[in-house]
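# Breakdown of the fold
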Amino acid sequence: MGSADRATVSVTFAGSGDAFGSGGRLQACIHLRPDGAPPVLLDCGATSLAALKRCGFDPSEVAAVFVSHLHGDHFGGLPFLVLDGQFSGRAQPLTVVGPPGTAARLDMAMDCLFPGSAAAARRFAVRVTELAPGSTARAAGVEAAAWTADHPSGAPALCLRLAMAGKVIAYTGDTAWTSSLIQVAAGADLLIAEAYYRDKAVPYHLRLADLNTHAAELTSRRIILTHMSADMLDQQGRHGYETASDGLSLRV
Ligand SMILES: [Zn+2]
Ligand SMILES: [Zn+2]
């Protein structure tokens, strides 16, 4: 057994909610800390700074943020994360890996919320790596692979597969069912899957019904549901899936 076989990744759902605060939950923000490496985030919704601090995490330790798509509940926390770093004396660079268009949308978001902040001098670099569907990128020791999600957001939306410390964490992001999810999930140690509604057909989102229909094709070792509306939160304990909640922490 090599050291990678024994390594683990601490996964904490700092935010596990949808865009609209269903169940009082905070927006998407999954904190991943591989053994012996700095933490990274998988999505950074608008509420993420509060979510991280609630969990006792130091936001300035976050080395990279992997963004599934450019909706506010998935990337809207970045301006706050950057400004918090500026005011707390952050020195280490921050890498943002997101779909094509991320650099321009981040600048727009910063200047809309805090005018002048996009071009303000900082003691640390914010680097943006744009990741097109079908390609890979590496940041903070994490290898990310991206597939096209079916979820309009003014830019391509991504389903992501992150490899770190010998583990693979797959993430649907927000998407209608797409056969790409079979590859995204294949053999992953953990699949974090949107389950927005139970079986109501909401465009561009995954339902519990879709996961059930395709259960045999999703070959990850473990699945945890997230991004649940009130409709799904009412189903807690009535389906066989593990579910995320704000602050839920596990090791893979
Ligand atoms: Zn969302
Ligand atoms: Zn979305």
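For the structure, see preceding data.
Residues numbered from 1 in each chain as written. Chains lettered and ligands numbered in written order. Predicted model: local features only at pLDDT ≥ 70, side-chain atom pairs only at ≥ 80, totals over all residues. Heavy atoms only, no water.

### Observations concerning the overall build of the chain
Inclusion rule: The helix and strand labels rest on DSSP assignments: H or I over at least four residues marks a helix, E over at least two residues marks a strand, and numbering proceeds from the N terminus. Note that the radius of gyration is over C-alpha atoms, with the globule rule given as 2.2 Å times the number of residues to the power 0.38. Exposed residues in this analysis have more than 50% of their type's maximum accessible area, buried residues have under 20%, and partly exposed residues fall in between, with area computed by a 1.4 Å probe over protein chains only. Contact definition: two residues touch when any of their heavy atoms are within 4.5 Å. The protein chains shown are the only cover counted for residues, whose accessible areas, like all others here, come from Shrake-Rupley with a 1.4 Å probe.
Helix and strand content of the chain: eight helices and 14 strands. Taken over C-alpha atoms, the radius of gyration comes to 17 Å for the chain, in line with the 18 Å a tight globule of 252 residues would show. Counting the 252 residues in the chain, one finds 55% classified as buried. Considering only contacts within the chain whose residues lie at least 6 apart along the sequence, 63% involve residues at least 24 apart. Working note: accessible area of the chain is about 10000 Å², and carbon and sulfur atoms make up 53% of it.

### Considering the environment of Pro93
Locating Pro93 in the fold gives a position in the loop between α4 (78-87) and β5 (94-98). We classify Pro93 as partly exposed; its relative accessible area is 33%. Spatially, the C-alpha atoms of Pro93 and Arg123 are 8.8 Å apart, while their sequence positions differ by 30 residues. With residues up to four places along the chain from it excluded, the contact list for Pro93 reads Ala63, Phe124, Ala125 and Arg127.

### Comments concerning the packing of aromatic side chains
Any pair of aromatic rings gets described here by the distance separating the centres and the angle formed by the planes. Put simply, the rule is: Side-chain rings of Phe, Tyr and Trp, where Trp is taken by its six-membered ring, are said to pair if the distance between their centres is within 6.5 Å; with planes under 30 degrees apart they count as stacked, over 60 as edge-to-face, and otherwise as tilted. The rule is short: NZ of Lys or CZ of Arg within 6 Å of the ring centre and within 35 degrees of the ring normal puts a charge over the ring.
Scanning the model with the defined rule gives two aromatic pairs in all. Both rings, one in Phe80 and one in Phe114, keep their centres 5.6 Å apart while their planes meet at 90 degrees; by these two values the pair is edge-to-face. Here Phe114 lies in the loop between α5 (102-113) and β6 (126-130) and Phe80 lies in helix α4, a separation of 34 residues in the sequence. Summarising the aromatic geometry, the rings of Tyr196 and Tyr197 are spaced 5.0 Å apart at their centres and angled 85 degrees between planes, so their arrangement reads as edge-to-face. For the pair Tyr196 and Tyr197, a shared accessibility class is recorded, and that class is buried. Note that Arg90 overlies the ring of Phe124, its terminal NZ or CZ placed 5.2 Å from the centroid.

### A word on the coordination of the zinc ion (ligand 2)
To be explicit about the condition: Donor selection uses N, O and S atoms within 2.8 Å of the metal (3.2 Å for Na, K and Ca). Since no water is included, sites may look incomplete. Labels for metal geometry use angle windows, namely 85 to 135 degrees for all angles of a four-donor tetrahedral site, and for square planar (four donors) or octahedral (six donors) sites opposite donors over 155 degrees apart plus all others within 65 to 115; sites meeting none of these are irregular.
The coordination sphere of the zinc ion (ligand 2) contains the protein donors His69 (NE2), His71 (ND1), His151 (NE2) and Asp174 (OD), at a distance range of 2.1 to 2.5 Å. Angles of 89 to 169 degrees at the metal separate the four donor atoms of the zinc ion (ligand 2), which places the site in the irregular class. Sequence positions of the donors to the zinc ion (ligand 2) reduce to the motif H-x1-H-x79-H-x22-D. The zinc ion (ligand 1) is placed at 3.5 Å from the zinc ion (ligand 2), the two being bridged by Asp174. In this pair, His151 sits in the loop between β8 (142-149) and β9 (157-164) while Asp174 sits in the loop between β10 (167-171) and α6 (180-185), placing the two residues 23 residues apart along the sequence. Exposure remark for Asp174: the relative accessible area of 2% places this residue in the buried category.

Don't take any of this as a statement about function, it's just geometry.
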